[in-house]
Amino acid sequence: LGPVTIVFHPHGRAAGTGAHAAAGTAPAARRADGDESSTSRGSKHRLSSTPRMVLDALPGRGTATALLCLASKLLAVSCTGNPAERQKLAAGIDMGFLVLIGALSGIAARPALSVMRQTLVEIVVVHLALEMVYSWWDAANGGKPMGKDMIIHHVAAVVSGLFCLFFHNGAFFSPGVKLVVTECTTALPVSLRLARTSGKYKGIHGMAIGLIMPLAFMWRTRYSMDVFRHTKSIMDDMGGVLGVRGWWMALGGVGGVVCCNAYWTVKIFQGLYKKLFGKKRKPKRAERENGT
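Residues numbered from 1 in each chain as written. Predicted model: local features only at pLDDT ≥ 70, side-chain atom pairs only at ≥ 80, totals over all residues. Heavy atoms only, no water.

J.: Any chance you could explain the overall build of the protein chain here in plain terms?
T.: Secondary structure assignment for the protein chain yields 13 helices and 2 strands. Looking at the protein chain residue by residue over its 292 residues, the buried ones come to 34%. Considering only contacts in the protein chain between residues 6 or more positions apart, those separated by 24 or more positions represent 70%. Summed over its atoms, the accessible surface of the protein chain is roughly 18100 Å², and 65% of this surface lies on carbon and sulfur atoms. (Helix = DSSP H or I, 4+ residues; strand = E, 2+ residues; numbered from the N terminus. Buried < 20%, exposed > 50% of the residue type's maximum accessible area, 1.4 Å probe, protein only. Contact = heavy atoms within 4.5 Å. Areas by Shrake-Rupley, 256 points an atom, 1.4 Å probe, with all protein chains shown as cover.)

Structure below.
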């Protein structure tokens, strides 16, 4: 090694000359050792923020995530003893998964994080489709089948999500990921069913659910209507609804989700009214004898 000369600059930084500088092992060079050059990395970061880079991203990551959730759910429910336990466990797994994806979609709605939108929409589309398949399997093995309103919601959401993924080069990812945000309320209907079956709906749990759930579903309905208007405004900018290829998938799918949310909101307020002002049902003889 040759001699090393340290030159002190007025601003307190030292520059190395000699063997280390010649060999390219100055601190900045060592930090970049084994990595891309700063110019290459900077250009990659600039490209990754463009919508085109979103579309060029490797597809299938969202599908793999949804399949992982399904595999974990099947493993867990296979360890339960009866269909009722199996259904509660599956609902809990789906609830946690959808609440997390809904929260991440709220973050991805910001333009600076738009690179996440395609993957999040893909996750939800595949997950909801697999939920319907799982429900069919569960019902065939003694479980409770999925309600018609839930089937309509899931089909409508899957159709609108497929439109976002495969039509118009990602122009509808923004309203698509916003629609996923509504899944943040999934914990409320799950909690309602659990409170009813456990007998805790009459206490503080029932009061909390009765207060939060109507407000949450009013917001969910209003927010999904905003997504519908956002979708239509993008189509208007593209020359009109009828000129947009696959327009019926987008407006029909989002419109179906809006109708389901409005239907559930009405049902929630009807149930709340009955709970507050309805006549209490007298217990049947079998219930009195069992003390339930």
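J.: Looking at this model, I keep getting lost on the confidence of the model for the protein chain. Mind explaining?
T.: Parts of the prediction with low pLDDT should not have their coordinates interpreted in detail. Averaged over all residues, the pLDDT of the protein chain equals 80, while 75% of them reach at least 70. Here residues 4-58 scores under 50 on pLDDT; set against residues more than four positions off or in separate chains, the count is 36 contacts. Note on residues 287-292: pLDDT under 50 across the span, and 3 contacts to partners over four residues away in sequence or across chains. (pLDDT = per-residue confidence, 0-100.)

J.: Which parts of the structure should I look at to understand the packing of helix α5 (residues 61-77) against helix α6 (residues 83-108)?
T.: Each packed pair of helices is defined by two parameters, the angle between the axes and the distance between the axes. Orientation of α5 relative to α6, taken along the N-to-C sense of each, is 155 degrees, at an axis distance of 10 Å. Viewed along their axes, α5 and α6 adopt a mutual orientation that is roughly antiparallel. Every pair of crossing elements has a handedness; the one defined by α5 and α6 is right-handed. Each of T65, A66, C69, K73, A76 and V77 in α5 lies in contact with α6, whose residues at this interface are R86, L89, A90, I93, D94 and F97. When the residues that make up the contact of α5 with α6 are grouped by side-chain class, the tally is 8 nonpolar, 1 polar and 3 charged. (Axes fitted to C-alpha atoms, helices over the stretch in contact; angles between N-to-C directions. Parallel < 35°, antiparallel > 145°, perpendicular 65-115°, else oblique. Left-handed = near helix turned anticlockwise from the far one by under 90°. Nonpolar A, V, L, I, M, F, W, Y, C, P; charged D, E, K, R; others polar.)

J.: Looking at this structure, how should I read helix α9 (residues 173-180)?
T.: Residues lying three or four places apart along an α-helix face the same way, a consequence of the helix completing one turn every 3.6 residues. Among the 8 residues in α9, 7 count as buried, and that is most of the element. Regarding α9, the residues found buried are F173, S174, P175, G176, V177, L179 and V180.

J.: When you look at the nonpolar core in this model, what are you seeing that I'm missing?
T.: Note on soluble globular proteins: their nonpolar side chains tend to be buried together. If you look at the biggest cluster of nonpolar residues, it comprises 32 residues, and the most contacted ones within it are I101, L120, F163, F172 and M235. Those elements giving two or more residues to this core turn out to be α6, α7 (117-140), α8 (148-166), α9, α11 (204-237) and α12 (247-277). If sequence neighbours within four positions are ignored, F172 has contacts with F163, C164, T231, I234, M235, M238 and V244. Counting residues in hydrophobic clusters, the runner-up holds 11 residues, among them A195, Y201, F217 and C260. (Core = buried A, V, L, I, M, F, W, Y, C linked by side-chain atoms within 4.5 Å.)

J.: What exactly am I supposed to notice about the pattern of salt bridges here?
T.: In a structure, side chains of opposite charge can pair up when their charged atoms sit close to one another. Considering all chains together, one arrives at 6 salt bridges under this definition. Between K73 and D94 there is a salt bridge whose closest N-O contact spans 3.0 Å. With K73 in helix α5 and D94 in helix α6, this pair connects stretches of sequence that are 21 residues apart. Its relative accessible area of 2% is what places K73 among the buried residues. The salt bridge partner of R220 is E183, with a shortest N-O separation of 3.9 Å. With R220 in helix α11 and E183 in the loop between α9 and α10 (187-198), this pair connects stretches of sequence that are 37 residues apart. Take R220: its relative accessible area is 4%, and that puts it in the buried class. Where salt bridges share partners, they join R222, D226 and R229 into one cluster. (Salt bridge = Lys/Arg side-chain N within 4 Å of Asp/Glu carboxyl O.)

J.: I would appreciate a short explanation of the environment of A195 in the present structure.
T.: You can see A195 is positioned in helix α10. With a relative accessible area of 6%, A195 lands in the buried category. Placed 11 residues apart in sequence, A195 and G206 show a C-alpha to C-alpha distance of 7.2 Å. Setting aside anything within four residues of it in sequence, one finds A195 in contact with K200, Y201 and I209.

J.: Sorry if this is basic, but what is going on with unusual backbone geometry here?
T.: Peptide bonds are, in most cases, trans, and in most cases residues other than glycine have a negative phi. The backbone of H168 sits at a positive phi, close to 65 degrees, despite the residue not being glycine. Checked against the element boundaries, H168 lands in the loop between α8 and α9. We classify H168 as buried; its relative accessible area is 19%. At N169, a residue that is not glycine, the phi angle is positive and equals roughly 50 degrees. Note on placement: N169 falls in the loop between α8 and α9. Residue N169 is classed as exposed on the basis of its relative accessible area, which comes to 65%.

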